[in-house]
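Analysis of the macromolecular model
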Amino acid sequence: MSEAITTVLDETRIFNPPQGHQGHIASMQEYRTLRQQFETDFDTTWRELAREHLSWREPFTRVLNSENAPFFRWFEDGKLNLSENCLDRHVEAGLGERTAIIWESEAGEVRRYSYNKLLSEVCRAANAMRELGVESGDRVIIYMPMIVEAAIAMLACTRIGAVHSVVFGAFSPLALRDRIEDAGAKLVITADGGGRRGGVHALKPNVDEALSEGCRSVAHVLVVRHAGNEVEWSQGRDINWHDALNVQPDHCEPLAVESEHPLFILYTSGSTGKPKGILHSTAGYLLWARVTMRWSFDFRPETDIFWCTADVGWITGHTYSVYGPLANGGTTLMYEGVPTYPDPGRLWKICADHGVTIFYTAPTAIRALNKAGDEWPNKHDLSSLRVLGTVGEPINPEAWMWYHDVIGKGRCPIVDTWWQTETGGHMLAPLPFATPTKPGSATFPLPGIDADIVDEAGLPITEGGGLLIIRKPWPSMLRGVWGDDQRYIDTYWKEFDGRYYFAGDGARRDEDGYFWVMGRVDDVLNVSGHRLGTMELESALVSHEAVAEAAVVGRPDAIKGEAICAFVVLKCEPDDSLVEELRAHVSKEIGAIAKPDDIRFADSLPKTRSGKIMRRLLRDIAAGREITSDISTLEDQSVVQKIQQDRP
Ligand code: WTA
């Protein structure tokens, strides 16, 4: 068992919510009443919520259609437009001059976009996309740095019913090509490059490389001039974003789409094969983005400055950097740069400079900044902060306590939010001004979310460890895997014969009913909060000419949560340069985030007699732990000894 998990198991501290402020959900009593309402009157409660929080072009009458389960449909006979809900609605309410987005670059440049300005930019972009032939239902790839144009591109897609798929800027040209092809995208929106560590991270050249083979569906590439790096230009295909937008009117009639109109595809790693395109649809996703902002963060759009540090390439960036804050008419902050540039106080300086009130980040960042020392946060005035959030992986109690004491000065509730790309928004989370918190626990399911911990037969576990599942459907759930219905069924619904959504995570319930998420139970790694499939990493390694076979496992890491450890069987003799070469190869295949931390060469891999790699055993070896797995089924017992001797 990893150290982090052992400390979580011993954790008994409890922190009561701060007094003197009435949250959107103000007490545990109110929480229980609301939960009860969902239980006794599921349809009515969701109906009222969707009517209250969304602005509809055509009202819906039907709440949930389960006829073709697990392909659920929500609010299906209603019509709306997402960008209208995020922009026009607030402008019409007289909030046009309110700041929608504050953007800061690594070099310290600051730009502010009011709702008026954002709306006109989104309209111009939508018009430009239409002129390039993008129609409702067409797919658009967005491969951008953390700049406002990324949010504008996303919103512009929604304005005309196009389906966006944002690809994280650190993914390689090959990974980008896979996604473009899988989505069958018509348009790619990118930038010349982004600012990183004082230099430039080029993006357009990656797009050129991705498009150099296949990708026949792509007609145009829209390029934002941002970093100023030299880029090649393919006449007829490449279009300058600024030129294209400049000639467009700043009005674009939003297209009213059906609630179930596809909104976006976001690729994420699974335990098998290539990344899968998680598909979300319009109304349900938007509803939950808006509501969870209020419930889990106690978001007050009139006064809060909300900062979620996630890149828009991840689901957290979609829901909580862009759609959640804007759906509420609030102010969101975007920072383009690394958290430690020019020094480890950068994030805290941004909080102080902009008066950030709600701050949301990942445990890996908290651990790294904790390690850098208290002097960095202590240099800055953090008194504007009122709620602190975390997401992406289990947070160890030490990091939680540091966040609570040193960043929040003991005043700010910590909301540990458990959710996934697939769930669209928060599933488990404390209500900051109601729920007593425990360091390392995401506490309880939000109202409306029927999450539970069950054993392998599907029976609820009242206390102890089991598998995390969600029983009833919820509006922001994934609608499928793009182009692969069977994979959707197999991955999420097969484990419990279609009765529950299986999240792929293990969790424990303590004597007070608190949920403690323990991490993935499948072959998915969580490296610095990023999901990576072991199969994906293995096939990247095996695609190198020197590699005969590879097995990848996670090893506990104090900062990243998990580090990538690869056991590699070579076709040739190892030489000194090969480790670096393989790391570079994986980086080229997938992206820099996938570079293995350790590569160990082995004569062969430990396998069972039926030929399955014994990953548990490799995990023990990678972590330098005593071997606890049963190795009696191992085909060749001597392999274990050899691998252990082959330490780097
Ligand atoms: C993990 C990120 C523990 C979990 C929103 C999940 C967490 C995966 C937490 C989803 C948390 C996310 N505590 N583990 N608060 N939040 N996870 O799709 O293993 O990038 O299945 O979505 O991250 O990662 P994804």
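About the thresholds
Residues numbered from 1 in each chain as written. Predicted model: local features only at pLDDT ≥ 70, side-chain atom pairs only at ≥ 80, totals over all residues. Heavy atoms only, no water. Helix = DSSP H or I, 4+ residues; strand = E, 2+ residues; numbered from the N terminus. Rg over C-alpha atoms; globule rule 2.2 N^0.38 Å. Buried < 20%, exposed > 50% of the residue type's maximum accessible area, 1.4 Å probe, protein only. Contact = heavy atoms within 4.5 Å. Areas by Shrake-Rupley, 256 points an atom, 1.4 Å probe, with all protein chains shown as cover. Lys, Arg positive; Asp, Glu negative; His and termini not counted. Charge placed at Lys NZ, Arg CZ, Asp CG, Glu CD. pLDDT = per-residue confidence, 0-100. Expected span 1.5 Å × (residues − 1). Near = heavy atom within 4 Å. Polar contact = N/O pair within 3.5 Å; in protein donor to acceptor, adjacent residues only side chain to side chain. Nonpolar A, V, L, I, M, F, W, Y, C, P; charged D, E, K, R; others polar. UniProt positions renumbered as here; feature names shortened; annotations may be inferred. Pairing = 2+ DSSP bridges. Axes fitted to C-alpha atoms, helices over the stretch in contact; angles between N-to-C directions. Right-handed = clockwise from strand over helix to strand, strands pointing away. Patch = residues over 30% accessible without salt bridge, like charges linked within 9 Å, V, L, I, M, F, W, Y side chains within 5 Å. Salt bridge = Lys/Arg side-chain N within 4 Å of Asp/Glu carboxyl O.

Let us now look at the overall build of the protein. Along the backbone of the protein there are 20 helices and 30 strands. Over its C-alpha trace the protein gives a radius of gyration of 24 Å, about what one expects of a compact globule, namely 26 Å for 648 residues. Across its three principal axes, the protein shows a C-alpha extent of roughly 75 × 65 × 60 Å. Classification of the 648 residues of the protein by burial places 61% in the buried group. In the protein, the share of contacts with a sequence separation of at least 24, taken over all contacts with a separation of at least 6, comes to 71%. As presented, the protein carries roughly 24,200 Å² of accessible surface, and 47% of it is formed by carbon and sulfur atoms. Averaging the coordinates of the 67 positive side-chain charges in the protein and doing the same for the 92 negative ones gives two points 1 Å apart.

Interpreting fine coordinate detail is not advised for predicted regions of low pLDDT. Residues with a pLDDT of 70 or more make up 98% of the protein, whose mean pLDDT is 95. Here the predicted complex scores 0.94 on pTM and 1.00 on ipTM.

Attention now moves to helix α6 (residues 148–160). One turn of the α-helix equals 3.6 residues, which is why residues spaced by three or four share an orientation. Helix length check: α6 (13 residues) gives 19 Å between terminal C-alpha atoms against 18 Å at 1.5 Å per residue, within 8%. Taken across its 13 residues, α6 has 13 buried, putting it largely inside the fold. Phi for G161, located one or two positions after α6, is positive at around 80 degrees.

It is worth spelling out the site of the ligand at this point. The immediate surroundings of the ligand are formed by 17 residues, with D416, T417, T421, D505 and R531 found nearest. One nitrogen or oxygen atom from the side chain of D416 is found 2.7 Å from a nitrogen atom belonging to the ligand. In the complex, 96% of the free accessible area of the ligand, which totals 530 Å², lies under the protein chains. Put simply, the parts of the chain that give the shell around the ligand at least two residues each are α11 (315–327), β20 (414–417) and β25 (515–520). Of the residues belonging to the shell around the ligand, the class tally is six nonpolar, six polar and five charged.

For the rest of this paragraph, the subject is the UniProt feature "domain: Acetyl-coenzyme A synthetase N-terminal" (unreviewed entry) in the protein. Here the UniProt feature "domain: Acetyl-coenzyme A synthetase N-terminal" (unreviewed entry) sits at residues 31–86. Taken end to end, residues 31–86 comprises 48% helix and 11% strand; its first and last C-alpha atoms sit 27 Å apart.

The next subject is the sheet that holds strand β22 (residues 464–470). Consider a sheet: its strands pair through backbone hydrogen bonds, and that pairing is either parallel or antiparallel. If you walk across this open sheet you meet the four strands as β21-β22-β24-β25, and the pairing is antiparallel. Only two strands of the sheet have a single partner each, and these edge strands are β21 (451–454) and β25. In this sheet, neighbouring strand axes are inclined to one another by 40 degrees on average, regardless of whether the strands run parallel or antiparallel. Summarising the sheet, β21 and β22 pair through four bridges and their orientation is antiparallel. Residue V454 lies in a different strand from β22, and its bridge partner there is L467.

Right, let's talk about the sheet that holds strand β5 (residues 110–114) for a bit. Overall, mixed pairing links the seven strands, which are arranged β5-β4-β17-β16-β18-β19-β20 in an open sheet. Each edge of the open sheet is held by one strand with a lone partner, namely β5 and β20. On average, each strand axis in the sheet is tilted by 20 degrees relative to the strand beside it, whichever way the strands run. Summarising the sheet, strand β18 (residues 358–361) and strand β19 (residues 387–391) pair through four bridges and their orientation is parallel. Its bridge partner being in β19, T361 is matched across the sheet by T390.

On to the pairing of strand β16 (residues 305–308), then. A two-sided burial pattern is seen for β16, the buried positions comprising I305 and W307 on one face and F306 and C308 on the other. Alignment of β16 against strand β17 (residues 331–336), held across three bridges, turns out to be parallel. In the sheet register, W307 faces β17, and the bridge partner there is L333. Taken together, β16, α11 and β17 form a β-α-β motif whose crossover is right-handed.

Looking now at the environment of I180. Position of I180 relative to the elements: it lies in helix α7 (residues 173–183). Placed 30 residues apart in sequence, I180 and A210 show a C-alpha to C-alpha distance of 8.5 Å. Not counting the four nearest positions on each side in its chain, I180 is found in contact with I141, A185, V188, A210, L211, C215, S217 and V218.

On the surface, D41, D43, E48 and E52 cluster together into a patch of negative charge. Within the fold, E48 resides in helix α3 (residues 42–53).

Our next topic: the pairing of β18. With burial as the criterion, each face of β18 is covered, one bearing I358 and Y360 and the other bearing F359 and T361. Bridge count for β16 against β18 is three bridges, and the pairing is parallel. In the sheet register, W307 faces β18, and the bridge partner there is F359.

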